[in-house]
There are 2 protein chains.
Amino acid sequence: MKLISPTDSIFLLGESREHPMHVGGLGLYEAPGGMSGSDFLRDLHQDMIAQQDFQPTFRKHPATVFGGIANLAWAFDDDVDLDYHLRRSGLPAPGRVRDLLELTSRLHGTLLDRHRPLWETHLVEGLNDGRFAVYVKFHHALIDGVSALKVTQRTLSPDPDDTEVRVPWNLPPKHRSAAREQPSLLQSVTRTARSIAALGPSTLSLARAALLEQQLTLPFGAPRTMFNVPIGGARRVAAQSWSLDRVKSVKQAAGVTVNDVVLAMCAGALRHYLIDQNALPDAPLVAMVPVSLRSEAEADSGGNMTGVILCNLATDTDDPAKRLEAISTSMRDNKKVFSQLPKMQALALSAMLMSPMALTVLPGVLSYTPPPFNIVISNVPGSREPLYWKGARLDGNYPLSIALDGQALNITLVNNAGNLDFGLVGCRRSVPHLQRLLGHLEDSLKELERTVGV
Amino acid sequence: MKLISPTDSIFLLGESREHPMHVGGLGLYEAPGGMSGSDFLRDLHQDMIAQQDFQPTFRKHPATVFGGIANLAWAFDDDVDLDYHLRRSGLPAPGRVRDLLELTSRLHGTLLDRHRPLWETHLVEGLNDGRFAVYVKFHHALIDGVSALKVTQRTLSPDPDDTEVRVPWNLPPKHRSAAREQPSLLQSVTRTARSIAALGPSTLSLARAALLEQQLTLPFGAPRTMFNVPIGGARRVAAQSWSLDRVKSVKQAAGVTVNDVVLAMCAGALRHYLIDQNALPDAPLVAMVPVSLRSEAEADSGGNMTGVILCNLATDTDDPAKRLEAISTSMRDNKKVFSQLPKMQALALSAMLMSPMALTVLPGVLSYTPPPFNIVISNVPGSREPLYWKGARLDGNYPLSIALDGQALNITLVNNAGNLDFGLVGCRRSVPHLQRLLGHLEDSLKELERTVGV
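Residues numbered from 1 in each chain as written. Chains lettered and ligands numbered in written order. Predicted model: local features only at pLDDT ≥ 70, side-chain atom pairs only at ≥ 80, totals over all residues. Heavy atoms only, no water.

**Student:** Would you mind showing me how to read the pattern of salt bridges here?
**Tutor:** A pair can form between side chains of opposite charge whenever their charged atoms are brought close. Following the criterion strictly, the structure yields 44 salt bridges over all chains and no others. Where A:Glu102 meets A:Arg428, a salt bridge forms, and the shortest distance between an N and an O atom there is 3.5 Å. Separated by 326 residues along the polypeptide, A:Glu102 in helix α4 (residues 97-108) and A:Arg428 in the loop between β15 (419-427) and α13 (436-452) bring together distant segments of the chain. Note on A:Arg428: relative accessible area 5%, which makes it buried. In this structure, B:Glu442 and B:Arg246 form a salt bridge, with 3.1 Å as the shortest nitrogen-oxygen distance. (Salt bridge = Lys/Arg side-chain N within 4 Å of Asp/Glu carboxyl O. Helix = DSSP H or I, 4+ residues; strand = E, 2+ residues; numbered from the N terminus. Buried < 20%, exposed > 50% of the residue type's maximum accessible area, 1.4 Å probe, protein only.)

**Student:** I would appreciate a short explanation of the packing of aromatic side chains in the present structure.
**Tutor:** To describe a pair of aromatic rings, you give the distance between the ring centres and the angle between the ring planes. Residue and element names in this part refer to chain A. Under the criterion given, the structure shown has 18 aromatic pairs over all chains. Between Phe-54 and Trp-169, the aromatic rings sit 6.3 Å apart at their centres with planes inclined by 25 degrees, giving stacked as the arrangement. A residue pair is termed long-range when its members are at least 10 positions apart, and Phe-54 in the loop between α2 (37-49) and β3 (60-65) and Trp-169 in the loop between α5 (145-155) and α6 (185-193) qualify at 115 residues. Trp-169 shares its class with Phe-54; the two are buried. Taken together, the ring pairs in this structure connect Phe-54, Phe-58, Trp-119, Phe-138 and Trp-169 into an aromatic cluster. Here the guanidinium or amino end of Arg-116 rests over the ring plane of Tyr-84, the centre of that ring lying 4.3 Å away. (Phe/Tyr/Trp six-rings, centres within 6.5 Å; stacked < 30°, edge-to-face > 60°. Lys NZ or Arg CZ within 6 Å of the ring centre and 35° of its normal.)

**Student:** I keep staring at the interface of chain A and chain B and nothing clicks. Help me out?
**Tutor:** The figure often quoted for interface size is the accessible area lost as the parts come together. Across the boundary between the two partners, chain A contributes 33 residues, which contact 34 residues of chain B. Regarding the contact of chain A and chain B, the summed buried area is about 2700 Å², with carbon and sulfur atoms giving 43% of it. Together, A:Arg17, A:Arg106 and A:Arg429 form the three largest contributors to the area buried by chain A at its contact with chain B, with a combined 23%. Residue A:Arg428 pairs with B:Asp81 through a salt bridge whose shortest N-O separation is 3.1 Å. Counting across the interface, chain A meets chain B through 15 residue pairs in polar contact (both at pLDDT 80 or more). Taken together, the elements giving at least two residues each to the side of chain A that touches chain B come down to α2, α3 (82-85) and β5 (86-90) of chain A. The dominant element in the side of chain A that touches chain B, judged by the number of residues it contributes, is β5(A), at four residues. For the side of chain A that touches chain B, a count of residues per class yields nine nonpolar, seven polar and 17 charged. (Contact = heavy atoms within 4.5 Å. Buried area = accessible area lost by both parts, 1.4 Å probe. Polar contact = N/O pair within 3.5 Å; in protein donor to acceptor, adjacent residues only side chain to side chain. Nonpolar A, V, L, I, M, F, W, Y, C, P; charged D, E, K, R; others polar.)

**Student:** Is there a simple way to think about the packing of helix α8 (residues 244-254) of chain A against helix α9 (residues 258-276) of chain A in this case?
**Tutor:** The relative placement of two packed helices comes down to the angle between their axes together with the axis-to-axis distance. All names here are of chain A. At their nearest, the axes of α8 and α9 sit 9 Å apart, and the two run at 105 degrees to each other. Considered as vectors, α8 and α9 are oriented roughly perpendicular to each other. For the pair formed by α8 and α9, the contact residues are Leu-244, Val-247, Lys-248, Val-250 and Lys-251 on the first element and Val-258, Val-261, Val-262 and Met-265 on the second. Within the contact of α8 with α9, the residues separate by chemical class into seven nonpolar, no polar and two charged. (Axes fitted to C-alpha atoms, helices over the stretch in contact; angles between N-to-C directions. Parallel < 35°, antiparallel > 145°, perpendicular 65-115°, else oblique.)

**Student:** What should I look at first to understand the relation of the copies chain A and chain B in this one?
**Tutor:** Note on the identical chains: chain A maps onto chain B by a rotation of 180 degrees and an axial translation of 0.0 Å, with an RMSD of 0.0 Å. This pairing of chains is accounted for by a two-fold axis. Rotation axis and chain A: the residue whose C-alpha lies nearest the axis is A:Gly90, separated from it by 2.1 Å. Both copies share a contact surface, since 100% of the interface residues of chain A are interface residues in chain B too. (Least-squares fit on C-alpha atoms with pLDDT ≥ 70 in both.)

Pasting the structure below:
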């Protein structure tokens with residue numbers, strides 16, 4: 001047994017049947033040499049099931065204390081039932097991507113069993129285009145979303161002829177630890193002060209001060225929207241890839257960043273979605289955007305320097321050019337505010353906000369009226385080159401994050417070779433017709449292309 | 001809103017992520033006229049999705065009170081998201097019954113969402129023999145297992161040419177109520193005393209007295225076994241059909257009842273399974289067996305007269321003839337004890353024991369050492385004639401009940417045309433290799449056949 005760190009236990013204590021606290025990812029693969037996904041998967045499953053060594057992260061779950069689970073300590077299973085964690089599924093006919101997303105929605109809405117190591121891997125066959133899919137799921141107490149993506153990437157290879165089958169659960173640890181490659185900011189804060197419990201109130205005050213400082217630079221506070229409500233337990237997920245070149249063309253023509261264009265794509269899509277739902281607020285939506293604040297020069301200094309930026313999405317204007325400009329200005333200004341904060345204050349803000357979770361669990365933070373932001377939009381670093389798994393090409397790599405009370409919709413994306421792969425997760429009840437957002441994202445990108453003339 | 005009755009709320013309050021409190025059933029169908037299961041299901045799904053009227057039982061879930069679910073009152077949804085409740089699944093290749101049972105195990109181990117009406121129906125295609133399957137799931141607070149089976153049967157027809165597609169959620173109510181066709185014994189007790197809370201202690205004393213009275217007639221108390229342990233949240237299910245004629249032949253040759261033969265089949269199988277696990281106790285296992293106590297003459301008097309009988313399974317002897325005799329004697333003697341109990345005492349015992357659930361939730365009852373019984377074995381009445389759904393024949397109809405702390409394995413069976421269909425549900429951790437029990441059941445029946453010379 002090993003005590004669970006306070007920052008990790010937040011994700012266990014904050015979990016309920018309505019609020020699953022796992023992160024997921026959906027990988028879409030093309031089997032090599034015209035092989036069918038089903039045949040390829042059968043062999044792959046055999047290769048995987050043969051690997052019965054497990055790193056500690058893949059053996060741990062909350063220990064049972066006096067017959068109950070107290071979320072105080074980790075237990076490490078010596079005997080992992082791999083048949084339980086590694087599962088095969090088929091799709092009903094006609095086996096469209098839509099059928100895959102329906103299955104993924106169900107898998108993403110289901111709680112992990114706390115009596116077992118807190119992860120699952122699902123191999124999915126039956127897509128009518130011959131591809132296959134892999135849905136992975138980790139409890140956030142085990143590993144955060146960015147690290148989960150990195151673990152998946154480490155099982156893959158840039159070499160299509162590399163036939164070794166690597167599996168997440170027995171990857172040798174990198175320099176530091178297999179699961180978290182770098183100590184997260186949350187951990188840094190924790191290490192400084194030994195525990196959030198000890199510095200809780202002051203951390204919260206610092207975080208709130210920093211947040212308010214950013215809010216002052218916004219033209220409006222975040223409005224109440226249909227996304228900022230209590231949520232139920234069921235989820236819908238949607239996923240689609242966009243060419244990075246298209247986004248880069250807009251970026252170059254407009255003189256902004258890739259992330260600015262991504263945010264403008266999202267802003268336009270959210271505006272159209274909310275108009276459809278007859279729920280567009282007068283004031284513009286505010287997004288919470290995790291960003292890397294490291295300069296190129298600092299890139300090798302180790303450690304993350306992640307900040308969280310509040311961004312005005314300018315959803316109140318129907319002019320895409322104005323929207324893009326407002327977003328770019330907002331990001332630039334707030335990055336500046338952030339970089340000028342004292343280091344401890346910046347760390348505290350990031351620690352509190354990079355996991356929006358913390359906001360809903362820790363007392364006092366959500367006592368703002370209206371909400372401090374309407375939606376989290378994360379652009380996570382992925383791979384520049386195409387990746388392969390035993391020769392199967394990773395066509396799409398869709399991150400699936402957490403919906404929360406007050407944050408019923410999450411948009412996370414990752415770059416994968418020449419694409420940006422978007423994963424949307426919404427509360428099934430509060431965010432109807434989630435898949436329509438995909439169409440709105442495409443329309444929004446087209447609008448931006450027309451506006452800047454590419 | 002409508003207050004939840006105390007007896008129904010037991011199943012909501014007693015539920016946790018480790019103890020799902022739903023009952024299920026797995027139906028295996030053969031599509032008519034050589035049609036593939038997949039094609040048939042596609043049409044069937046369209047027919048089903050078109051039926052958007054919902055009886056109250058299929059609209060109700062616990063109401064949210066002050067932002068939380070208090071399990072005090074039912075809310076009735078006007079707008080049921082049928083896409084959520086009615087789901088399609090495929091099987092991975094090769095699509096064996098085993099793959100179906102693996103999927104069913106997962107579905108049966110997953111909690112229902114309390115923010116929605118507490119039921120799901122899953123249409124499953126991809127069996128390699130061309131058949132298809134339907135898994136249904138109801139919360140026990142909505143409907144008990146026997147009534148759930150009856151609802152499914154009411155959607156079917158003895159006429160293979162009847163092409164009407166009936167669905168459980170819009171069946172018109174029968175004389176009394178759609179969900180519970182007769183008031184259950186639990187309800188009878190409740191109605192007598194207004195609530196279990198009011199007569200709790202005296203009911204418990206009566207029940208315990210009646211139970212002890214039966215225990216006195218047994219040669220030994222129930223031993224501790226590997227089935228009588230705390231359980232985890234994951235399940236395994238197993239299912240198989242046996243010809244009723246085979247069981248009847250043994251019954252006639254031995255001069256016992258069909259249920260005696262069924263219990264002897266189970267007893268032999270449990271003995272072999274426990275020997276494999278190196279876990280056979282010296283003392284014989286005791287089964288709790290719900291039985292109908294109505295005589296033929298009383299059959300039309302209405303109301304259930306269900307009793308619960310403790311049966312000595314004689315797993316300590318390796319002689320199948322002696323085992324069958326001990327079981328038959330035990331059932332006869334304890335039925336007599338039961339029928340001689342004062343009516344109120346018998347009702348109380350049944351009310352407490354027919355839902356073994358009540359035992360683990362209500363305080364004081366499980367303070368016995370050792371456990372009062374080792375396993376529940378229920379033989380539920382089904383249909384004598386073959387049943388069809390839009391012409392598709394119901395080949396197998398496997399009831400799937402609830403595993404509990406202290407009751408890690410449940411065996412329930414139902415007669416379906418010329419078969420007895422067994423559904424086994426076990427805690428995935430406590431009852432390893434559950435499917436091997438199927439082989440042991442077949443071996444045990446063969447032993448009985450040899451013993452009586454049929």
